[in-house]
Amino acid sequence: MHTVHAVMAVKQIDRAKSRLGSVLSSSQRAQLVLAMFTDTVVAAMAVPQLVSLTVVTPDPLVAARARELGAHVMDEPPAGHDPLNTALAAGAQNVRDRHGPSRLLALQADLPALRPAELADVLAVTPRGGRCVVIDHTGTGTAALLIHDPAAPLAPRFGADSARAHRESGAVVLEGHWPGLRSDVDTPEDLDTVAALGVGELTTSTLREFGFAAHRSDPVRTVC
C-alpha cells in the first residue's frame, strides 16, 4: 500500500471553465468550480493512503475552502507562460520542503464523480519507481500524475495533449476502471457524463440549482 502527498492547482474561479459558457453564466461557473473542487477534495481526503493535500491557488475562496477541508494552502507562484505546471511543481517542492522525501500525486481539481475507492485502487496498483499517469476520459488529457520515487521531480506536463506529453516524458500509463477519476469537467457534455455517474453532495445541489438533472453518488466513506 503506497502513501502519497497530493497536490492540486486551482486558478481564479471567475476565469475558469469558459467552455461551459454556452450553458452557465460566469457566476454560475465560479460556483460550480468551487463545488467540484470541494467534492474532489472530500473524496480524495477520505483515502487513508493520502497523507496530505497541498492546494496552490491565487483565489481567496478556493484557499478558504481548502483550509476548511484540512488542506495546506500556498499562493500561486509567478508563472510566465505555463501557470498550471509551474504551480504544481511549486506545490510538489513545498511538500518535500515540509515533509522531506515524499511520493507525490498531482490531481485534477474538477473530478466531482471521484470515488475514494477509485483513488485508493490507483495507489495500490502503482508500480514502484518512476512516474505513472492516469489518462482522462477523452484519451488526450491527464486526470492524475503519480511519482513513486520520493526524491525524483514531479515534472508535470498538464495542458493540451498532456497524455501524450506525459507518456513521452517517460510516465507509465495506468490501466483500470476508474470512471469518476477519469471524468474531469470542461464541456457541457462532460457535465452530462458526471451527472450520469453521480457526483458529490455540493456538486449535486449546485447542478440541481442550475436546472441540471444530477444524482448524488454514494456517500463518501473512508476506504479501509
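Residues numbered from 1 in each chain as written. Predicted model: local features only at pLDDT ≥ 70, side-chain atom pairs only at ≥ 80, totals over all residues. Heavy atoms only, no water.

1. Examining the sheet that holds strand β3 (residues 72-74)
With mixed pairing, seven strands are arranged side by side in an open sheet as β3-β2-β1-β4-β6-β5-β7. Only two strands of the sheet have a single neighbouring strand rather than two, namely β3 and β7 (172-173). Bridge count between strand β1 (residues 4-9) and strand β2 (residues 50-56): six bridges; the pairing is parallel. Within the sheet, the bridge partner assigned to Ala-9 lies in β2 and is Val-56. Most of the contacts of helix α1 (residues 26-45) go to β2, to which it runs at about 160°, and overall it touches β1, β2 and β4 (104-107). The strands touched by helix α3 (residues 83-99) are β1, β2, β3, β4 and β6 (142-147); relative to β1, the strand with the most contacts, the crossing angle is about 145°. (Pairing = 2+ DSSP bridges. Helix = DSSP H or I, 4+ residues; strand = E, 2+ residues; numbered from the N terminus. Contact = heavy atoms within 4.5 Å. Axes fitted to C-alpha atoms, helices over the stretch in contact; angles between N-to-C directions.)

2. As for the packing of α1 against helix α2 (residues 60-68)
Angle between the axes and distance between the axes: these two values describe a pair of packed helices. At a closest axis distance of 11 Å, the pairing of α1 and α2 adopts a crossing angle of 25°. By the angle between their axes, α1 is roughly parallel relative to α2. Regarding α1 and α2, the two cross each other, and that crossing is right-handed. Facing Leu-34, Phe-37 and Thr-38 of α1, the residues of α2 in contact are Leu-61, Val-62, Arg-65 and Ala-66. Tallied by class, the residues present in the contact of α1 with α2 amount to five nonpolar, one polar and one charged. (Parallel < 35°, antiparallel > 145°, perpendicular 65-115°, else oblique. Left-handed = near helix turned anticlockwise from the far one by under 90°. Nonpolar A, V, L, I, M, F, W, Y, C, P; charged D, E, K, R; others polar.)

3. Considering the environment of Arg-96
In this fold, Arg-96 is placed in helix α3. Placed 81 residues apart in sequence, Arg-96 and His-177 show a C-alpha to C-alpha distance of 31 Å. With sequence-adjacent residues up to four places away left out, Arg-96 is seen in contact with Ser-102, Leu-104, Ile-147, Asp-149, Pro-150, Ala-151, Ala-152 and Pro-153. Looking at Arg-96, its side chain comes within polar contact range of the main-chain oxygen of Ser-102, at 2.9 Å. A distance of 3.1 Å separates a polar side-chain atom of Arg-96 from the backbone oxygen of Pro-150. (Polar contact = N/O pair within 3.5 Å; in protein donor to acceptor, adjacent residues only side chain to side chain.)

4. A closer look at α3
Taking 1.5 Å of rise per residue, 17 residues should cover 24 Å, and α3 covers 24 Å from first to last C-alpha, within 8% of that figure. Here α3 has its buried residues at Asn-85, Ala-87, Leu-88, Gly-91, Ala-92, Asn-94, Val-95 and Arg-96. Among the residues trailing α3, Gly-100 stands out with phi positive, at a value near 85°. (Expected span 1.5 Å × (residues − 1). Buried < 20%, exposed > 50% of the residue type's maximum accessible area, 1.4 Å probe, protein only.)

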